[in-house]
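Working through the structure, step by step
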Amino acid sequence: MKSNAAELYQRIQDDKALSQKLFRQALQDPQGALKSISDYGEAIGLPVQPSEVKEFLETLDDNQTKQWVVKARGGL
């Protein structure tokens, strides 16, 4: 089964308001942010599991995303 994580990541990144909302949530509630990402993916037809999101984020070579992960690391 192919993961939808890459496509979902791109859609979230293209929506600046959603990106900011998820970033703020991740700072306060990292597990909740993963659930929100999964819920959003389900709603737009790109279902992902939180583990798929985490695995995908670990493969990125993007400094901004790496900073996001470091800040939210406590719950990821």
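Let me sum up the structure you'll find in this document. Each residue is numbered by its place in its chain's sequence as written, counting from 1. Local features in this predicted model are restricted to residues of pLDDT 70 or higher, and side-chain atom pairs are both shown and tallied only at a pLDDT of 80 or more, whereas totals for entire chains, interfaces and linings draw on every residue. Hydrogens are left out, water is left out, and the side-chain values use all remaining heavy atoms of the structure.

1. Side note on the overall build of the protein
Each helix is a run of H or I in the DSSP string that is no shorter than four residues. Each strand is a run of E no shorter than two, and both are numbered from the N terminus. Summing up its helical and strand segments, the protein has 5 helices and 0 strands in all. Scanning the protein from its N terminus toward the C terminus, one meets helices and strands in the order α-α-α-α-α. Residue burial is assigned from relative accessible area. The probe radius is 1.4 Å, only protein chains are included, and a residue is buried under 20% of its type maximum, exposed over 50%, and partly exposed in between. Per-residue burial for the protein yields a buried fraction of 34% across its 76 residues. Throughout, a contact is declared for two residues whenever any of their heavy atoms are within 4.5 Å. Taking the contacts inside the protein whose residues are at least 6 apart along the sequence as the reference set, 59% of them involve residues at least 24 apart.

2. Some details on the environment of Ala5
Along the chain, Ala5 falls in helix H1 (residues 5–14). For Ala5, a relative accessible area of 7% gives the class buried. The spatial distance from the C-alpha of Ala5 to the C-alpha of Glu52 is 6.4 Å, given a sequence separation of 47 residues. Here Ala5 is in contact with Val48, Glu52 and Phe56, once residues within four sequence places are set aside.

3. Overview of H1
If you check which residues of H1 are buried, you get Ala5, Leu8, Tyr9 and Ile12. All buried residues of H1 lie within an arc of 100 degrees about the axis, which places them on one face of the element. Within this analysis, the arc is defined by the directions that extend from the helix axis to the C-beta atoms.

4. Points about the environment of Arg11
Counting through the fold element by element, Arg11 comes out in helix H1. On the basis of relative accessibility, which here comes to 35%, the residue Arg11 falls in the partly exposed class. With near-sequence residues (within four places) excluded, Arg11 lies in contact with Ile44 and Leu46.

5. Here we look at the nonpolar core
Here, the term nonpolar core denotes a set of buried Ala, Val, Leu, Ile, Met, Phe, Trp, Tyr and Cys residues that are joined through side-chain atoms within 4.5 Å. Within the largest apolar cluster, 14 residues are counted, with the highest numbers of intra-cluster contacts made by Leu8, Ile12, Ile37 and Val53. Put simply, the parts of the chain that give this core at least two residues each are H1, helix H2 (16–28), helix H3 (30–43) and helix H4 (50–59). With 4 residues, the top contributor of residues to this core is H1. Once residues within four sequence positions are removed from consideration, Val53 is found in contact with Leu34, Ile37 and Val48.

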